[in-house]
Every structure is written in C-alpha cells, then in structure tokens.
Amino acid sequence: MSAPSVVIVGCGDVGSRLASQLLASEWEVHGLRRDISRLPDGVIGIAGDLFKKDCPDTWPIGAVDYLVYCAAATDHDEAGYRAAYVQGLQHVLEWLGDYGQQPKHLLFVSSSSVYGQQNGEWVDETSETQAKGYSGQIMLEAEQVALNSGIAASIVRLTGIYGPGREWLLTQVRKGYRVAVDPPLYGNRIHADDAAGLLAFLLRHVEQGGSLDKVYIGVDDAPAPLAEVVAWLRDYLGVTQWSDEASVRRAGSKQCSNARIKALGWTPTYPTYREGYAAILKG
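Residues numbered from 1 in each chain as written. Predicted model: local features only at pLDDT ≥ 70, side-chain atom pairs only at ≥ 80, totals over all residues. Heavy atoms only, no water.

**What to know about the nonpolar core**
Then, number 1: Formed by 37 residues in total, the largest nonpolar core has its most connected members in V9, W59, Y69, Y85, V92 and F108.
Then, number 2: For this core, the element with the most residues is helix α2 (residues 78–98), which contributes nine residues.
Then, number 3: Setting aside residues no more than four positions away along its own chain, Y85 makes contact with Y69, A71, A72, A73, F108, M139 and A142.
Then, number 4: Of all hydrophobic cores here, the second largest spans 32 residues; its members include L18, L158, A196 and W266. (Core = buried A, V, L, I, M, F, W, Y, C linked by side-chain atoms within 4.5 Å. Buried < 20%, exposed > 50% of the residue type's maximum accessible area, 1.4 Å probe, protein only. Helix = DSSP H or I, 4+ residues; strand = E, 2+ residues; numbered from the N terminus. Contact = heavy atoms within 4.5 Å.)

This is the structure we're talking about:
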C-alpha cells in the first residue's frame, strides 16, 4: 500500500510540528506556506498564498488523502480573519475541485474563541457558542464552510497554544505581570507539541478505519486560574518583585474540557501547565 498523503495548509509552527510527526510515521506530507524554505526537511513544499484565488503551480496533482487547514491570520482585524479562515478555506476547496481530489477527511483548526462564556463555566463540544468578538464569529463561519464542504470534516478548537517561541506569558511574568485574583480568570492552554500530536492522532485514527465526531476541543487536562499559573511561574523563575507597569488583566473566563478527545484514546504529553512550562524552561 502507498503511504497516506496529507496537505497541511498553513504549515507554520503547529503545522510543521504535525508534519514532522507524520513524516516519522512515513506519511507523504505536503505543506503550503509562502516561504517553503522554512518547512521541515522531508515536507514537499507548496509555495502559495491563501489570499489569492489562483491555485499554486506546485499543488499536488495526485490523490490527497487528508487535508489539514491550520492557517493563521496575518492581519488581526475582521478583514484579515475573514481572508485567512473563510476565503482562504474556500480557495483551497476550489483547488481540490480543480484537480478532482476528494480527501477522506478534513481537519479544520479553529479556536476556543467561539465560546464566549464569562463566569468560569465548564465548556465542552456541546456547549453553546457565544462568540463575543469578530474573531470567534468568523471562526464559526469558517467552521461551517468546512462542515458544508462535501468532505467528511472535523473541527478542532485549540486553546491557548504555548511552547518554544510562544512565550508571551513567560516574558510578562519576568516583568512582574499582575493578574486579577477574584473572580478567578480561568485560562485554557495546550502545548504546541500536544496540539500537533492531537491532530496527528485524529488523522491516524481515521486512517486506521475509525470515525470522528464533528467537533473536538484541544486542551490539556487542567484549566487553571491565570493567577495560579502566574504565581507558579513567578516561584519557578524566582521573580520576587512586581513591576510598576504590571497590568491587571480582566477577560473572559471558562474551563474547557478534553473529555471527548481523551475518550477516543488521546493523552497529552504535558497534562498541565507545570509540565509544559517546565519543559520550555529546561530547554
């Protein structure tokens, strides 16, 4: 049998981590991004721009068994989000149609921003989506494009991705970051390696004959109040002073559950922020 083939559209940080995991399992991996020199070794590059309707010259002409859409907006405004998530996905679906390609499954990487719960509620895949801002609203629109594509599709709503190169919170803590304690502001997170590992797990599950639900939340085992995470990092890093410029963050608060994906057999390498941040800081 030939190796399963996958096209990873938006093959940036998480996409490249996914590509490396699939290459290790001897998959044929195509990665689309503007600068293909930044793709991992072994990935077949597709130099392309999602914002352009024309299909890239290097789009694969053979079968595409799986499609992973994990683009990121370059402009963080409503137009930028729509271009990246709605219009970009529509372009890719048109390119598949141009070549008569019908993947077995499409994974669309979405965000927990589609949930607007504010009071620390537990949220799962059946919870009402209450997106408050344009980002979550446009994500919901893009999810429907994926689900209505005519391809078997699953939505993966990732939460608070962190990891090497994604160290905003560490930087802020070193500066004396201050965060509201009461009411607790729950945050949800997943290490970038686990985000990629979850996507790889889902693809392998389908390839082995399994079925998928339409929506999964990608999060570690322990949503935690942001104040708790900051306090733990301060202690770990030995930060003793508060900065005069430290901010008080007040934002949405919810606790995302990973029960559905764990029931399928997935287990995170970094089950809480403690293991994940310790791995980053140990290098």
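Right, picking up where we left off after that structure.
**Re α2**
Then, number 1: Under the 1.5 Å per step criterion, the end-to-end length of α2 is 29 Å for 21 residues, consistent within 8% with the ideal 30 Å.
Then, number 2: Of all the bends in α2, the greatest, near 35 degrees, is centred on Q87.
Then, number 3: One or two residues past the end of α2 sits G100, with phi positive at roughly 65 degrees. (Expected span 1.5 Å × (residues − 1). Bend = angle between axes of the 7 residues up to and from the residue.)

**So, unusual backbone geometry**
Then, number 1: Each neighbour pair has its own omega, and for D182 with P183 the value is 0 degrees, a cis peptide bond.
Then, number 2: Relative to the helices and strands, P183 is located in the loop between β9 (178–179) and β10 (186–187).
Then, number 3: In this model, E26 sits at a positive phi of 70 degrees, which is unusual for a non-glycine residue.
Then, number 4: The residue E26 is located in the loop between α1 (13–24) and β2 (28–33) in this model.

**Topic: the packing of aromatic side chains**
Any aromatic ring pair is given by two values, namely how distant the centres are and how the planes are angled relative to each other.
Then, number 1: Under the definition given, this model contains nine aromatic pairs.
Then, number 2: Ring centres 5.7 Å apart and planes at 15 degrees place the aromatic pair Y69 and F108 in the stacked group. Here Y69 is found in strand β4 (residues 66–69), whereas its partner F108 is found in strand β5 (residues 105–111), with 39 residues between them in sequence.
Then, number 3: In this structure F108 comes out as buried when scored by relative accessible area, which is 0%.
Then, number 4: Taking 5.0 Å as the distance between ring centres and 35 degrees as the angle between the ring planes, the aromatic pair formed by W232 and Y236 counts as tilted. (Phe/Tyr/Trp six-rings, centres within 6.5 Å; stacked < 30°, edge-to-face > 60°.)

**Comments concerning the pairing of β4**
Put simply, side chains in a regular strand alternate between the two faces of the sheet.
Then, number 1: Burial of the side chains of β4 extends over both faces: Y66 and V68 are buried on one face and L67 and Y69 on the other.
Then, number 2: Relative to β4, strand β1 (residues 5–9) is paired through four bridges, and the arrangement is parallel. Opposite V7, over in β4, you have L67 as the bridge partner.
Then, number 3: Note that β4 and β5 share four bridges and pair parallel. Paired with Y69 across the strands is F108, a residue of β5.
Then, number 4: Crossover handedness for the path β4 to α2 to β5: right-handed. (Pairing = 2+ DSSP bridges. Right-handed = clockwise from strand over helix to strand, strands pointing away.)

**Considerations on the pattern of salt bridges**
Then, number 1: For the structure on display, the rule yields twelve salt bridges.
Then, number 2: The salt bridge involving E143 is made with R157; its shortest N-O contact spans 2.7 Å. Note that E143 is positioned in helix α3 (residues 134–147) and R157 in strand β7 (residues 153–158), a separation of 14 residues in sequence. Exposure class is identical for E143 and R157. Each is buried. (Salt bridge = Lys/Arg side-chain N within 4 Å of Asp/Glu carboxyl O.)

**Notes on the sheet that holds β2**
Then, number 1: Spatially, the seven strands line up as an open sheet ordered β3-β2-β1-β4-β5-β7-β12, and their pairing is parallel. Edge positions in the sheet fall to β3 (44–47) and β12 (215–218), since each has one partner strand and no second. Averaged over all adjacent pairs, the angle separating strand axes in this sheet is 20 degrees, with direction ignored.
Then, number 2: Lying on the sheet, α2 is in contact with β1, β2, β4 and β5; it crosses β4 at an angle near 160 degrees.
Then, number 3: Sitting on the sheet, α3 touches β5 and β7, and the angle it makes with β5 is about 175 degrees. (Axes fitted to C-alpha atoms, helices over the stretch in contact; angles between N-to-C directions.)

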